[in-house]
Amino acid sequence: MISSLTGTVQAVSLNTAVLNVNGFGMLVNATPGTLSTLHQGREATVHTSMVVREDSMTLFGFATTEERDVFEVLIGVSGIGPRTGLAILAVHTPEEVRIAANTKDTAAFTKVSGIGPKGASRIVLELNGKLVPTGAPVSSASAAGGSASAWEPQVIEALTGLGWSEKDAAATLKALSKADPEIVATGNVADILRAALRSMSSANRAR
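Quick notes on the rules
Residues numbered from 1 in each chain as written. Predicted model: local features only at pLDDT ≥ 70, side-chain atom pairs only at ≥ 80, totals over all residues. Heavy atoms only, no water. Pairing = 2+ DSSP bridges. Helix = DSSP H or I, 4+ residues; strand = E, 2+ residues; numbered from the N terminus. Polar contact = N/O pair within 3.5 Å; in protein donor to acceptor, adjacent residues only side chain to side chain. Contact = heavy atoms within 4.5 Å. Phe/Tyr/Trp six-rings, centres within 6.5 Å; stacked < 30°, edge-to-face > 60°. Buried < 20%, exposed > 50% of the residue type's maximum accessible area, 1.4 Å probe, protein only.

Colleague: How should I be thinking about the pairing of strand 4 (residues 43-53) in this particular structure?
Modeller: Both faces of the sheet carry side chains from a regular strand, because those side chains alternate between them. In the sheet, strand 1 (residues 4-12) pairs with strand 4 via 5 bridges, with the strands oriented antiparallel. Paired with Leu5 across the strands is Val46, a residue of strand 4. Two elements, strand 4 and strand 5 (residues 56-62), share 7 bridges in a ladder whose sense is antiparallel. Looking at strand 5, one finds that Val52 is bridged to Met57. Here strand 4 folds back onto strand 5 in antiparallel fashion, the turn holding 2 residues.

Colleague: What am I meant to see in the side chain of Ser49 here?
Modeller: Along the chain, Ser49 turns up in strand 4. Within polar-contact distance, the side chain of Ser49 engages the side chain of Glu72 at 2.9 Å. With residues up to four places along the chain from it excluded, the contact list for Ser49 reads Ile2, Thr58, Leu59, Phe60, Phe62, Arg68, Phe71 and Glu72.

Colleague: Is there a simple way to think about the packing of aromatic side chains in this case?
Modeller: What characterises a pair of aromatic rings is the spacing of the ring centres plus the angle enclosed by the ring planes. One pass over the structure, following the stated rule, counts 2 aromatic pairs. Geometrically, the ring pair formed by Phe60 and Phe71 is tilted, given 5.4 Å between the ring centres and 35° between the ring planes. Here Phe60, found in strand 5, pairs with Phe71, found in helix 2 (residues 65-74); they are 11 residues apart in sequence, far enough to count as distant. Like Phe60, the residue Phe71 is buried in the burial classification. Judged by centre distance (4.9 Å) and plane angle (45°), the ring pair of Phe62 and Phe71 falls under tilted. The buried category is assigned to Phe62, whose relative accessible area is 0%. Assessed through its relative accessible area of 0%, Phe71 is described here as buried. A network of ring pairs unites the aromatic residues Phe60, Phe62 and Phe71 as a single cluster.

Shown next, in the form of structure tokens:
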């Protein structure tokens, strides 16, 4: 089992990164928050979880061991695959997931794209007793449920980590708020980031 990787970042995309570890290019899937900490050409360490299927072995990378540990508990829930586990951690911090599970806050899980009320109810039922809050501080913005102050810095950090300037990133988010207010209103970091990247790519092609 590969529990961590340390190497030079070769490439960073919307959902994955490649780390050169002793000459081997290791592909890891990660959340926008983790990817925003990786910069091409720099050395980095990611904590990993390997998901083995009959036809594949896939690595998922995390900035902290806490994220990885919560991910591994999440994917133990029936119906929660690795992609959905990543999506949950793209929207909520590990401590927020722990709090939501402990308080049976189904609304917190329905904020994640692809999880409906029934799925959220199943998640809190199966997580009962498996995730307990650690007492780590939770930002007031996050507790408020996805205000602009909660997601905007994360999206801007992810965009700059992917090579865009902070000025362009901020301008794109301002335009996105007017062009697609519904997706911005969700506060979903992963979805907003994808929409912003589509917008920026379209603008580049138009030039």
